[in-house]
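Chain and residue survey
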Amino acid sequence: ATTRLNGECYFYATRVYNAFYNDYAEGFIPEVGLEYEECKNRIVEVNDNGQVRLASPMSKRCVGIVSDSYGHLIGATEEEICENKKIPIGMAGTLWIDAEDKVSFDNIGKFICSGEEGRARVLDEIIDGAVVGKIIDTDNVDNQYRVILLLK
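Our subject in this report is the structure included herewith. On a predicted model such as this, the values are computed, not experimentally measured, just so you know.

Bringing unusual backbone geometry into the picture now. The phi torsion at asparagine 41 lies on the positive side, around 60°, for a residue other than glycine. Secondary-structure assignment places asparagine 41 in the loop between helix H1 (36-39) and strand S4 (43-46). Here methionine 58, not a glycine, exhibits a phi torsion of approximately 60°, which is positive.

Next comes the structure, spelled out in structure tokens:
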């Protein structure tokens, strides 16, 4: 993608992606054994070596959700992702995420944190440092929530 700067110092995109792509992702090195195909739409955290792994329940080390629909990718190439050298982690925007329990339309507006195997766990109250995003939509067929990323 390219951008341009006009005379008044406003930033404009000169290449626009399809509206289907709604997140900004960054490439991270995966922990040994973590495959991109098996961790799509899951929450990941950073280990002590700076590599990503599936997040543990209620983790405060989360860095984002593994993206399968990034519109902008930095720090990695498509080849690195296909070869599983890096994994695209959504850092901002909206993403679909696998739910830990059966999804419910009543959960729209609630916050999520990491649950078992990096799935979304709905929070009844905010737990400082563990919030990953806010639910804005549901998909009952795939048992997923659409969330706005709110990492702090």
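There's plenty left to go through after this.
So, on to the pattern of salt bridges. Inspection of every chain in the model, using the stated rule, returns 10 salt bridges. Notably, a salt bridge pairs glutamate 37 with lysine 40, separated by 3.4 Å at the nearest N-O pair. Relative accessible area serves as the criterion here: at 59%, glutamate 37 is assigned to the exposed category. With its nearest N and O atoms 4.0 Å apart, the salt bridge here joins arginine 42 to glutamate 117. Separated by 75 residues along the polypeptide, arginine 42 in the loop between H1 and S4 and glutamate 117 in the loop between strand S9 (111-114) and strand S10 (120-123) bring together distant segments of the chain. Residue class for arginine 42 comes out buried when judged on its relative accessible area of 10%. Taking relative accessible area as the criterion, glutamate 117 reaches 46% and is therefore assigned partly exposed.

Taken together, the six bridges between strand S3 (residues 23-28) and strand S8 (residues 87-98) define a ladder with antiparallel strand orientation. Note on S8: the bridge partner recorded for glycine 27 is proline 88. With two bridges joining them, strand S6 (residues 62-66) and S8 adopt antiparallel strand pairing. Its bridge partner being in S8, valine 66 is matched across the sheet by isoleucine 89. Examined bridge by bridge, S8 and strand S12 (residues 144-149) share five bridges and lie antiparallel to one another. Residue isoleucine 97 lies in a different strand from S12, and its bridge partner there is tyrosine 145.

Quick look at the environment of proline 30 now. Inspection of the secondary structure puts proline 30 in the loop between S3 and H1. Measuring from C-alpha to C-alpha, the distance between proline 30 and valine 44 comes to 9.7 Å, with 14 residues separating the pair along the chain.

Quick look at the nonpolar core now. Ile43, Ile65, Ile97, Ile112, Val132, Tyr145 and Val147 are the most contacted members of the largest nonpolar core, which has 15 residues in total. If you list the elements that add at least two residues to this core, you get S6, S8 and S12. Element by element, the count of residues in this core is highest for S12, at three residues.

Right, let's get into the side chain of glutamate 45. With respect to the helices and strands, the residue glutamate 45 is situated in strand S4. Judged by its relative accessible area of 3%, glutamate 45 is buried. A polar contact of 2.9 Å, which involves the side chain of glutamate 45, links it to the side chain of arginine 53. In terms of polar contacts, glutamate 45 uses its side chain to reach the side chain of serine 56, at 3.4 Å. If near-sequence neighbours (up to four positions away) are discounted, glutamate 45 is found in contact with Gln51, Val52, Arg53, Leu54, Ala55, Ser56, Ser59, Arg61, Cys62 and Val63.

Moving on, we come to the environment of leucine 123. Summarising the element assignment, leucine 123 is placed in strand S10. Overall, leucine 123 belongs to the buried group, its relative accessible area being 8%. Apart from the residues lying within four places of it in its own chain, the contact partners of leucine 123 are Met58, Lys110, Phe111, Ile112, Cys113 and Val131.

What counts, and at which threshold
- Note that residues are indexed from 1 along each chain, following the sequence as it is written.
- Restriction of local features to residues with pLDDT of at least 70 applies here, the model being predicted, together with a cutoff of 80 or more for giving and counting side-chain atom pairs; totals for whole chains, interfaces and linings are based on all residues.
- Hydrogens and water molecules were not included; the side-chain quantities draw on all heavy atoms of the structure.
- Numbering of helices and strands runs from the N terminus; a helix is a DSSP stretch of H or I covering at least four residues, while a strand is a stretch of E covering at least two.
- The salt bridge criterion pairs a side-chain nitrogen of Lys or Arg with a carboxyl oxygen of Asp or Glu, the two atoms within 4 Å.
- For every residue, the accessible area (1.4 Å probe, protein chains only) is compared with the maximum for its type, and the residue is labelled buried under 20%, exposed over 50%, or partly exposed between those bounds.
- A pair of strands is considered paired only if DSSP assigns at least 2 bridges between the two.
- In plain words, nonpolar cores are sets of buried Ala, Val, Leu, Ile, Met, Phe, Trp, Tyr and Cys residues tied together by side-chain atoms within 4.5 Å.
- Polar contacts, as counted here, are pairs of nitrogen or oxygen atoms within 3.5 Å of one another; within protein the pair requires one atom able to donate a hydrogen and one able to accept it, and residues that are adjacent in sequence qualify only if both atoms are side-chain atoms.
- Residue contacts are counted whenever heavy atoms from the two residues lie within 4.5 Å of one another.

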